[in-house]
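Residue strings, one per chain:
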Amino acid sequence: NTGELVFQYHIPFTYNPDSLSQYNIRSTPIIKDSIIYFGDSRGCVFAISLKDKSEKWITKMETPRWDGSVVSEMVIDNGVLYCGRYTNALIPLDLETGAPLWKFSDWETFLPSTPVFYKDQVIIGTTINSNHIYSLKKATGEKNWELKVKGIFFVKPIIIQDSILVMNSTDPFSDKWGILYFINLEKGQIINEIHLENSTESSPVLLNEMILIVKNDGLYAFNFKPYMNKPGAS
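What counts, and at which threshold
- Residues numbered from 1 in each chain as written.
- Predicted model: local features only at pLDDT ≥ 70, side-chain atom pairs only at ≥ 80, totals over all residues.
- Heavy atoms only, no water.
- Pairing = 2+ DSSP bridges.
- Helix = DSSP H or I, 4+ residues; strand = E, 2+ residues; numbered from the N terminus.
- Axes fitted to C-alpha atoms, helices over the stretch in contact; angles between N-to-C directions.
- Phe/Tyr/Trp six-rings, centres within 6.5 Å; stacked < 30°, edge-to-face > 60°.
- Buried < 20%, exposed > 50% of the residue type's maximum accessible area, 1.4 Å probe, protein only.
- Disulfide = S-S within 2.5 Å.
- Salt bridge = Lys/Arg side-chain N within 4 Å of Asp/Glu carboxyl O.

Enquirer: How should I be thinking about the sheet that holds strand β19 (residues 210-215) in this particular structure?
Expert: Adjacent strands of a sheet pair through backbone hydrogen bonds, lying either parallel or antiparallel. Spatial strand order, β18-β19-β20: three strands in an open sheet with antiparallel pairing. Here the strands that pair on one side only, and so sit at the sheet edges, are β18 (205-207) and β20 (218-223). In this sheet, neighbouring strand axes are inclined to one another by 30 degrees on average, regardless of whether the strands run parallel or antiparallel.

Below, the structure written as structure tokens:
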């Protein structure tokens, strides 16, 4: 109503002028039951009360490779907190305690994209050297299927028509191209793909029967229905 600051929390750290970049907050937070959840560039995940700024829990995530920075949007599903990070492992946390529940690793790459859910599956994309989309069982992290594709994934995908994943990849070494994939989530198969002249790290957005996506040169909108019926690239 007024723009007045109502909440501010500083993550705890020991001052070191040479390593302040370790304490950036890049992840998009999520709020549930007056608790805000977010992560930082050290790979820590925080659950902080919005009422009194008390720390419900703080979990330092295991970081097998890369720096472990939490970079994706936080996502909650059935009492479990998920996020994509600059490391090769996806590790969901128990929402109440912050305890790790399971780990899925792809040792060739890292997994920064925001997870999305379909039935009992969690879907996540990879980046360099791997170039995969994975479907994992939400209960155990066991792999349902994997799909080898082109490009790298940094963004949050969307689901249309209840079972079709729309997820865009980018050129790992330039911004010359990108691909918007339409994938059948039951089978883990590509239905269609749209080749973009310029890549984008923008997430696609669904509006009625249109998909919107932002690129370097503007905002694009198109009807997705024709791409559900015509196989092959376009």
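Enquirer: Sorry if this is basic, but what is going on with the packing of aromatic side chains here?
Expert: Aromatic ring pairs are described here by two measures, namely the spacing of the ring centres and the angle between the planes. In total, this model carries twelve aromatic pairs according to the counting rule given. Consider the rings of tyrosine 9 and phenylalanine 38, whose centres lie 6.2 Å apart with planes at 65 degrees: the pair is edge-to-face. You can see tyrosine 9 sitting in the segment before β1 (30-32) and its partner phenylalanine 38 sitting in strand β2 (residues 35-39), a full 29 residues away along the chain. Across this residue pair, the class does not change: tyrosine 9 and phenylalanine 38 are buried. Connected via pairs of aromatic rings, a cluster forms that spans Trp66, Tyr86, Phe110 and Phe154.

Enquirer: Would you explain the sheet that holds strand β12 (residues 132-137) in this entry?
Expert: The strand order across the open sheet built from four strands is β10-β11-β12-β13, with neighbouring strands paired in antiparallel fashion. Only two strands of the sheet have a single neighbouring strand rather than two, namely β10 (116-118) and β13 (143-148). Pairwise comparison of adjacent strand axes, ignoring direction, gives a mean angle of 20 degrees for this sheet. Alignment of β12 against β13, held across five bridges, turns out to be antiparallel. Opposite leucine 136, over in β13, you have lysine 143 as the bridge partner.

Enquirer: Explanation requested: unusual backbone geometry in the structure shown.
Expert: Glycine aside, negative phi is the norm for most residues, and most peptide bonds take the trans geometry. Even without being glycine, lysine 53 reaches a positive phi, approximately 65 degrees. With respect to the helices and strands, the residue lysine 53 is situated in the loop between β3 (44-49) and β4 (55-60). With a relative accessible area of 42%, lysine 53 lands in the partly exposed category. Located in the positive-phi region is asparagine 208, a residue other than glycine, with phi close to 55 degrees. Since its relative accessible area comes to 68%, asparagine 208 is described here as exposed.

Enquirer: Can you help me understand the state of the cysteines in this one?
Expert: Should the sulfur atoms of two cysteines be covalently bonded, the bond is a disulfide. Tallied over the full model, the rule gives zero disulfides. Just so you know, cysteine 44 is unpaired, no disulfide at all, and the nearest cysteine sulfur is the one on cysteine 83, 11 Å from it.

Enquirer: When you look at the pattern of salt bridges in this model, what are you seeing that I'm missing?
Expert: Pairing of side chains with opposite charge becomes possible as their charged atoms draw close. Across all of its chains, the model carries eight salt bridges by this definition. Across the pair glutamate 96 and lysine 56 runs a salt bridge, and its minimum N-O distance is 3.3 Å. Of this pair, glutamate 96 sits in the loop between β8 (93-94) and β9 (104-105) while lysine 56 sits in strand β4, and the two are 40 residues apart along the sequence. With a relative accessible area of 35%, lysine 56 lands in the partly exposed category. Across the pair lysine 119 and glutamate 186 runs a salt bridge whose closest N-O atoms are separated by 2.7 Å. Within this pair, whereas lysine 119 is found in the loop between β10 and β11 (121-125), its partner glutamate 186 is found in the loop between β16 (178-184) and β17 (189-196), the two being separated by 67 residues in sequence. Residue classification places glutamate 186 among the partly exposed positions, given a relative accessible area of 45%.

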